[in-house]
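Residue strings, one per chain:
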Amino acid sequence: MGGPRPMCRASKSLAALLAFLASSAVFAGSFQVSPVRVELSPTVATASINVRNESTTDAVVVQLRPMDWKQVGGEDAYTSSPDLIATPPIFTLQPGATQTVRVGLRRAEARDVQQTFRLFITEVPGPPKEGFQGLQVALNIGIPVFIAPKAKRVTALAWRAKPAADGKLALTATNPGNSHVQILEAKVLEGTDAIVTTQQPRYILAGQTVTWQLPAARPPKGPLRVTARTDSGDVEADVSLEPSAPK
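Conventions we followed
Residues numbered from 1 in each chain as written. Predicted model: local features only at pLDDT ≥ 70, side-chain atom pairs only at ≥ 80, totals over all residues. Heavy atoms only, no water. Phe/Tyr/Trp six-rings, centres within 6.5 Å; stacked < 30°, edge-to-face > 60°. Lys NZ or Arg CZ within 6 Å of the ring centre and 35° of its normal. Helix = DSSP H or I, 4+ residues; strand = E, 2+ residues; numbered from the N terminus. Buried < 20%, exposed > 50% of the residue type's maximum accessible area, 1.4 Å probe, protein only. Pairing = 2+ DSSP bridges.

Draft legend 1. Main features of the packing of aromatic side chains. Using the criterion set out here, one finds five aromatic pairs in the structure. Joined through ring pairs, the aromatic side chains of Trp69, Phe146 and Tyr203 make up one cluster. Over the aromatic face of Trp69 sits the side chain of Arg118, whose NZ or CZ is 4.2 Å from the ring centroid. Lying across the ring of Trp212, Arg202 places its NZ or CZ 5.7 Å from the centre.

As structure tokens, this is what we get:
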């Protein structure tokens, strides 16, 4: 109620930024980062990312953190990566300046399954200006970095649904392929009616499963179908409807 309101130096959260990964660039706070996804292979083992300070008044210190990216129980998990290199590891961007970041593999090795990393581009906050009252939030952008497998194996996602608590539907997708799939949006149809919709972009890494908990327009009776827009095209598939757990 009373007192100063919290203030943020970044205008978008990381979750909002990731919704734009299909774009060629992302604007957030005073940053412009391009591209917002990197795809490498054993034969193309390096790439460049441009980081531009859009502020006309303030310099900013930026740190790079290469991370291994796994999924555990449908949730993203990150650990410091010994294999992905990003240079320079820390730098200062003057107002309007651009820094070219080089991203590459320590060892270029062909594998059967796509390797997945994220490069976090993180603002290092300086001391607050004299008279500043509020909350400083450091901008943190996670750029996906994918290393192509020896041969990409495209296999259709397997979908299932189950009534959940509070009138929700648990929609689950399993990726049996050896490369990621990014779901940009999806609808579950019963007949011609969409009973659930999600516009929460999610990556499903190779061999992994993710679940959305989505408000349902009504309890489903089946049969169900899903239509989804992905980073590799539109898909349509049957959804296996599982019975709800007994109360």
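And the narrative resumes.
Draft legend 2. Quick look at unusual backbone geometry. With an omega dihedral of -5°, the bond running from Ser34 to Pro35 counts as a cis peptide bond. Position of Pro35 among the secondary structure elements: in the loop between strand E2 (31-34) and strand E3 (38-40). Of note, the bond from Thr87 into Pro88 is cis; its omega dihedral lies within 30 degrees of zero at -5°. With respect to the secondary-structure elements, Pro88 resides in the loop between strand E7 (84-87) and strand E8 (90-93). Positive phi, normally seen in glycine, also occurs at Asp166, with a value near 60°. When you line up the elements, Asp166 lands in the loop between strand E12 (158-163) and strand E13 (168-174). According to the relative accessible area criterion, Asp166 is exposed, its value standing at 74%.

Draft legend 3. Summary view of the pairing of strand E10 (residues 115-124). The element E10 is largely enclosed, with a buried count of nine among its 10 residues. Relative to E10, strand E5 (residues 60-72) runs antiparallel, the two being bridged by eight bridges. Residue pairing in the sheet places Arg65 in a bridge with Phe120 of E10. Here eight bridges tie E10 to strand E11 (residues 140-147), and the two strands are oriented antiparallel to one another. By the bridge assignment for E11, Leu119 is matched with Ile143.

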